[in-house]
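Observations on chain architecture
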Amino acid sequence: MNRSVTAGLRDEVLHANQAIPQARLATLTWGNVSGIDRDAGVYVIKPSGVSYDDLTAEQLVVVDLEDGRVVDGYLRPSVDSETHRRLYLAFGDVGGITHTHSPAAVAFAQAKRDIPVLGTTHADAFNGPIRCTRDLTEAECATDYEYNTGQVIVETFDSVGDDPAEVPGALVANHGPFVWGKDAGASLKNAIICEAVAQMAIQTLALNPHADAPPYLLERHYRRKHGPDAYYGNPQAGQGAQR
């Protein structure tokens, strides 16, 4: 199997990582994006601790999907690499993953609360609440911590029956959001949405702790953008504005 990756994938992952601070999703280097080449059996991820301003395509690290070995690169991968790897192994349609410590989403993670669906903005991208995992056990933190971080996300989806294609993200308790998409850029976009709807939820619940929304309205908004009957946008002309 050819383990080399295209310059296009490197550039995509580079640009997505560089956009994290521009989107105000991370302080210092508290975030990372990866993208996968499933044919080659590898993913490309940000190196650990390198600032977004200094990051280059050549510094990105190529990691073997099967066993987590670095197969190309001279720097250590993000410390969250094993979490990305576990999610890629579990969710076969995922093409990119973004992890950040964006404040509103982290607030929900630290409160150990799901981000509830309170309106159509959330429903446009996530067909259900963005769920928070259980706590990791002491044993799970002591050994294979990052891999187990991914495992509790997988376990959460299995336990509630959510479709990771329709709810492309989760919160790890006391940690923060891991969000995914069809590629690295899409995962970043979903991370931006995750943070925005978390901010909206905090403000909404402050005004009305019992706020909710009709399920049929939420389903309508999700289905008009996703699935075989979607009618949002003009692909032939580019997406342009978001409404």
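Residues numbered from 1 in each chain as written. Predicted model: local features only at pLDDT ≥ 70, side-chain atom pairs only at ≥ 80, totals over all residues. Heavy atoms only, no water.

1. A closer look at the packing of helix H3 (residues 103–111) against helix H7 (residues 184–207)
Two elements in contact, H3 and H7, have axes whose closest approach is 7 Å; the angle formed by their N-to-C orientations is 65°. Crossing geometry of H3 relative to H7 is assigned as left-handed. Of H7, the residues touching H3 (which contributes Pro103, Ala104, Ala105, Ala107 and Phe108) are Cys194, Glu195, Ala198, Gln199, Ala201, Ile202 and Leu205. When the residues that make up the contact of H3 with H7 are grouped by side-chain class, the tally is 10 nonpolar, one polar and one charged. (Axes fitted to C-alpha atoms, helices over the stretch in contact; angles between N-to-C directions. Helix = DSSP H or I, 4+ residues; strand = E, 2+ residues; numbered from the N terminus. Left-handed = near helix turned anticlockwise from the far one by under 90°. Contact = heavy atoms within 4.5 Å. Nonpolar A, V, L, I, M, F, W, Y, C, P; charged D, E, K, R; others polar.)

2. Some points on the pattern of salt bridges
Considering all chains together, one arrives at 13 salt bridges under this definition. Between Asp64 and Arg69 there is a salt bridge whose closest N-O contact spans 3.6 Å. With a relative accessible area of 45%, Arg69 lands in the partly exposed category. Look at the salt bridges and you will find they share partners, linking Asp64, Asp67 and Arg69 into a network. (Salt bridge = Lys/Arg side-chain N within 4 Å of Asp/Glu carboxyl O. Buried < 20%, exposed > 50% of the residue type's maximum accessible area, 1.4 Å probe, protein only.)

3. Thoughts on the sheet that holds strand E6 (residues 169–172)
Ordered in space as E4-E3-E2-E1-E5-E7-E6, the seven strands form an open sheet in which the pairing is antiparallel. Only two strands of the sheet have a single neighbouring strand rather than two, namely strand E4 (70–72) and E6. Strand-to-strand, the axes of this sheet are offset by a mean angle of 25°, without reference to chain direction. When strand E1 (residues 31–37) meets strand E5 (residues 96–100), the two strands line up antiparallel, connected through five bridges. Note that in E5 the partner of Val33 across the bridge is Thr98. Of the strands in this sheet, E1, strand E2 (42–45), strand E3 (61–64) and E4 are in contact with helix H1 (residues 7–22), which crosses E1 at around 160°. Taken strand by strand, helix H2 (residues 81–90) contacts E1, E2, E3, E5 and strand E7 (176–181), and its axis lies near 140° from that of E2. (Pairing = 2+ DSSP bridges.)

4. Some details on the packing of aromatic side chains
Counted by the stated rule, this structure contains four aromatic pairs. Ring geometry for Phe91 and Trp180: centres 5.3 Å apart, planes at 45°, overall tilted. Residue Phe91 is found in the loop between H2 and E5, and its partner Trp180 is found in strand E7; the two are separated by 89 residues along the sequence. Cluster of aromatic residues (ring-pair linked, three or more members): Phe91, Phe157 and Trp180. (Phe/Tyr/Trp six-rings, centres within 6.5 Å; stacked < 30°, edge-to-face > 60°.)

5. Quick notes on the pairing of E1
In terms of burial, E1 is largely enclosed, as seven of its seven residues are buried. Covered by surrounding structure in E1 are Gly31, Val33, Gly35 and Asp37 together with Asn32, Ser34 and Ile36, the residues of both alternating faces. Between E1 and the antiparallel strand that follows it, E2, lie four residues; Gly41 among them carries a positive phi value of about 70°.

6. With respect to unusual backbone geometry
Glycine aside, residues mostly have negative phi angles, and peptide bonds mostly take the trans form. Phi is positive for Asp144, which is not a glycine, with a value near 55°. Inspection of the secondary structure assignment puts Asp144 in the loop between helix H5 (138–142) and helix H6 (145–160). Not every positive phi belongs to a glycine, and Asn174 is a case in point at roughly 65°. Examined against the element boundaries, Asn174 turns out to sit in the loop between E6 and E7.

7. Here we look at the environment of Arg113
Inspection of the secondary structure puts Arg113 in the loop between H3 and helix H4 (120–123). Considering only alpha carbons, one finds Arg113 and Pro77, 36 residues apart in sequence, at a separation of 30 Å.

8. Points about the environment of Lys225
In this structure, Lys225 sits in the segment after helix H8 (215–223). Judged by its relative accessible area of 23%, Lys225 falls in the partly exposed class. Each C-alpha atom of the pair Lys225 and Thr6 lies 30 Å from the other, and the pair is 219 residues apart in sequence.

9. Focus on the pairing of E2
Here E2 shows no split at all, with Val42 and Val44 on one side and Tyr43 and Ile45 on the other all buried. As judged from the four bridges shared by E1 and E2, these two strands associate in the antiparallel manner. Across the sheet, the residue bridging to Ile36 is Tyr43, located in E2. By the bridge criterion, four bridges tie E2 to E3 in an arrangement that is antiparallel. Bridge assignment links Tyr43 to a residue of E3, and that residue is Val63.

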